[in-house]
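Given next are the chains, with one letter for each unit.
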Amino acid sequence: MCASGFSESAYLDMAGHEDTQVRIILVGKTGSGKSATANTILGRHQFESKIWAHALTKTCQRASRRWKGRDLLVVDTPGLFDTDETMETTCLEISRCVLYSCPGPHAIILVLRLDRYTEEEQKTVALIKGLFGEAALKYMIILFTHKDDLEDQSLDNFVSEAGEKLNNIVSQCGKRYLAFNNKAVQAEQENQVQQLMELIEEMVAKNGGSYFSDKIYEDIDNRLKQCLEDLKETYTQQFISEIQRIEKEYANKPEEEKELQIVSARSNYDEKRRNWKEEAEENIFMYIFQKIREILSKLWSKIVM
């Protein structure tokens, strides 16, 4: 069920005027259509989405697009409860997901096939609640794929007749749902993205105008920011020291030689600056993994049984 009337000014208030990014996490069972849905949102073929005997998305992936003045960041996750996955693997992927969606997602999209609702989806929801609390469900939307299979039936009728288990999770997610046809023509796909963004806007506004965050996200975001500041300070000081060295060493040499050295030093500095965020993420990843594993180890036996 989608809200009508997209308000761009209200949308800019979703997470503060300076934050133009909308962070979207896709979760669900392998084969549900997460990667195809991610491609629809991104407006391009970014992730492999063909159905194979084994999941194509083996690890968390992220990509973004510019859409109506916003940066849409999409995090595509693997099936977290595939039969061959261990707690260790699940911890790794959840850690990546948290890192990629920091400082917190605006929407957690549970992707379901219209014709399937399995125990794995129930476990996925239980995992999200166990890790982040009931509050996370206030940011969850159900997205059904294979919309074309509805034929003449309305989505509302399908949901109402889908049975107790599905309706239970629909209720937990605040009855927020919509359907995508990821094989539709581009104009229809863009209309589906518009519907999704309207639903996200309505949901975030209802949640106070900001993205989801909890102690885990706040802790990791603070550490990420501190690590980023430390890297900036370190590399900037290195650059200043290098320029001072060049000025001194080439003081009595041709100006052209000195300029070449300065250009090279500035190029190296710019390269490091472009990679500051990635390096900071790598530096704190094991800390995130340990925090997630500590929590998940207490939940795992209850969820997988």
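The numbering scheme is per chain: residues are counted from 1 as the chain's sequence reads. Restriction of local features to residues with pLDDT of at least 70 applies here, the model being predicted, together with a cutoff of 80 or more for giving and counting side-chain atom pairs; totals for whole chains, interfaces and linings are based on all residues. Remark: hydrogens and water are excluded; side-chain values derive from all non-hydrogen atoms of the structure.

Draft legend 1. Spotlight on the packing of helix α3 (residues 87-100) against helix α10 (residues 276-304). Here an angle of 0 to 180 degrees is reported between the N-to-C directions of two axes, which are lines fitted to C-alpha atoms, with helices fitted over the stretch in contact. Put simply, DSSP H or I for four residues or longer makes a helix, DSSP E for two residues or longer makes a strand, and each gets a number counted from the N terminus. Two numbers describe how α3 lies on α10: the axes approach to 8 Å, and their chain directions differ by 130 degrees. With respect to α10, the element α3 is oriented oblique. In this structure, the crossing between α3 and α10 has a hand that is right-handed. Here M87, E88, T90, C91, L92, I94, S95, R96, V98 and L99 of α3 come into contact with α10, specifically with E281, I284, F285, I288, F289, I292, R293, L296, S297 and W300. Taken together, the residues of the contact of α3 with α10 sort by class into 13 nonpolar, three polar and four charged. With respect to orientation, any angle under 35 degrees is reported as roughly parallel, any angle over 145 as roughly antiparallel, any angle of 65 to 115 as roughly perpendicular, and every other angle as oblique. Crossing handedness follows the turn of the near helix against the far one: under a right angle anticlockwise gives a left-handed crossing, and clockwise gives a right-handed one. By the convention used here, residues are in contact when the closest approach between their heavy atoms is within 4.5 Å. Residues are grouped as follows: Ala, Val, Leu, Ile, Met, Phe, Trp, Tyr, Cys and Pro are nonpolar; Asp, Glu, Lys and Arg are charged; all remaining types, including Gly, are polar.

Draft legend 2. How the structure looks around the sheet that holds strand β5 (residues 140-145). One requirement defines pairing of two strands: DSSP has to find at least two bridges between them. Taken in spatial order, the six strands of this open sheet run β2-β3-β1-β4-β5-β6, and their pairing is mixed. Two strands in the sheet have a free side with no partner beyond their single neighbour: β2 (61-67) and β6 (177-179). Looking at each pair of strands side by side, their axes are set apart by 25 degrees on average, direction ignored. Where strand β4 (residues 107-113) and β5 come together, six bridges link them in parallel fashion. Bridging from a neighbouring strand, L112 pairs with F144 of β5. Seen against the sheet, α3 touches β1 (21-27), β2 and β3 (70-76) and runs at an angle of roughly 175 degrees to β3. The strands touched by helix α6 (residues 164-172) within the sheet are β4, β5 and β6, with β5 carrying the most contacts at an inclination of about 135 degrees.

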